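If you want the building blocks of each chain, they are given just below.
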Amino acid sequence: MSSLRSKKQTISLKLPSDVLDWLDSAAEAHSLPDKSKAARCCINCVALGDVVIEPSDGADSNNDSDLQEVNIELAAEQVDWLGNQCDGSDEEDRSSVARRAIRACIQADKKVVFGVVRCKSKITACGGAQEAVDLLKEKYGNTEVKEEILLP
């Protein structure tokens, strides 16, 4: 099933310091390896409709005066999803979509964002996913599993 596992792509996103701080804190709080994994959790959560982001009003780029360019590792499907969400205006780009998605997750129930295993394959076929389910059960109790997901 390793063919379902996609290679990560490193992309540059412009994110404000409060979002970067939250990603670092979330990674630490949920025993994730780094802020990229926390960002991937957010993008999957939003892309699958578990958390809803507001449509862009074009003001996002003006609200974050302290944008920092940071490299984030995303799966190819996640990069594509970000691009597909852009409305074509100058104000709407992958960074803007990522900021809105992460901000929506900041406001959401952390169990919805980080307590659901979202897996492209079957959990039984992925040792890492099985381990994640066990860890999440310890932390949150009953854990929701979404298998064989495809980002829209």
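Here, the structure is the one placed above.
Figured I'd write up the structure that's included with this text. Just so it is clear, the model here is predicted, and its values are computed rather than measured. Residue numbering note: each chain is counted from 1, following its sequence as written. This being a predicted model, a pLDDT of at least 70 is required before a residue's local features are given, and a value of 80 or more before pairs of side-chain atoms are given or counted; all residues contribute to the totals for chains, interfaces and linings. To get the side-chain values, all heavy atoms of the structure are used, and hydrogens and water are removed first.

**Details of the packing of helix 2 (residues 35-47) against helix 5 (residues 94-107)**
Phase 1 of the analysis: It is the contact of helix 2 with helix 5, at a shortest axis distance of 9 Å, that shows an interaxial angle of 90°. When the interaxial angle is binned, helix 2 and helix 5 end up roughly perpendicular. Facing helix 2, whose interface residues are Cys42, Cys45 and Val46, helix 5 presents Ala101, Ile102 and Cys105.
Phase 2 of the analysis: When residues are grouped by polarity, Ala, Val, Leu, Ile, Met, Phe, Trp, Tyr, Cys and Pro land in nonpolar, Asp, Glu, Lys and Arg in charged, and all others, Gly among them, in polar. Tallied by class, residues from the contact of helix 2 with helix 5 come to six nonpolar, no polar and no charged. What counts as an axis is a line fitted to C-alpha atoms, over the stretch in contact for a helix, and the angles between N-to-C directions run from 0 to 180 degrees. Secondary structure elements are taken from DSSP: a helix is a run of H or I of four residues or more, a strand is a run of E of two residues or more, and numbering for both begins at the N terminus. Under this scheme an angle from 65 to 115 degrees is roughly perpendicular, one under 35 degrees roughly parallel, and one over 145 degrees roughly antiparallel; angles in between are oblique. In what follows, residue pairs with any heavy atoms lying within 4.5 Å of each other are defined as contacts.

**Some thoughts on the environment of Asp93**
Phase 1 of the analysis: Structurally, Asp93 is set in the loop between helix 4 (76-85) and helix 5.
Phase 2 of the analysis: Measuring from C-alpha to C-alpha, the distance between Asp93 and Leu82 comes to 8.1 Å, with eleven residues separating the pair along the chain.
Phase 3 of the analysis: Counting of polar contacts relies on pairs of N or O atoms within 3.5 Å, with two restrictions inside protein: one atom must be capable of donating a hydrogen and the other of accepting it, and residues adjacent in sequence are counted only when both atoms are side-chain atoms. A polar contact of 3.2 Å, which involves the side chain of Asp93, links it to the backbone nitrogen of Ser95.

**A look at helix 1 (residues 17-29)**
Phase 1 of the analysis: Given the number of residues in a helix, its expected span is that number minus one, multiplied by 1.5 Å. For helix 1, built from 13 residues, the straight-helix expectation of 18 Å at 1.5 Å per residue is met to within 8% by its first-to-last C-alpha distance of 18 Å.
Phase 2 of the analysis: Burial status follows relative accessibility: with a 1.4 Å probe on protein chains alone, a residue under 20% of its type maximum counts as buried, one over 50% as exposed, and anything between as partly exposed. Val19, Leu20, Trp22, Leu23, Ala26 and Ala27 are the residues of helix 1 that are buried. The arc enclosing the buried residues of helix 1, seen along the axis, measures out at 160°, which places them on a common side.
Phase 3 of the analysis: Turning to helix 1, the residues buried within the fold contact strand 1 (8-16), helix 2, strand 2 (67-75), helix 5 and helix 6 (110-114).
Phase 4 of the analysis: Positive phi shows up at Ser31, right after helix 1, with a value of about 55°. An arc is given here, and it is the one of the directions from the helix axis to the C-beta atoms.

**Here's the deal with the environment of Ala132**
Phase 1 of the analysis: Inspection of the secondary structure puts Ala132 in helix 7 (residues 127-140).
Phase 2 of the analysis: The spatial distance from the C-alpha of Ala132 to the C-alpha of Val116 is 9.4 Å, given a sequence separation of 16 residues.

**Considering the nonpolar core**
Phase 1 of the analysis: Among the buried residues, those of types Ala, Val, Leu, Ile, Met, Phe, Trp, Tyr and Cys that are joined through side-chain atoms within 4.5 Å form a nonpolar core. Grouped together as the largest cluster of nonpolar side chains are 36 residues, with contacts concentrated most on Leu15, Trp22, Leu23, Trp81, Leu82, Val113 and Phe114.
Phase 2 of the analysis: Looking at this core, the elements with two or more residues in it are strand 1, helix 1, helix 2, strand 2, helix 4, helix 5 and helix 6.
Phase 3 of the analysis: Among the elements that make up this core, the one with the highest residue count is helix 2 (eight residues).
Phase 4 of the analysis: With residues near it in sequence (within four places) discarded, Trp22 still touches Cys42, Ile102, Cys105, Ile106, Lys110 and Phe114.

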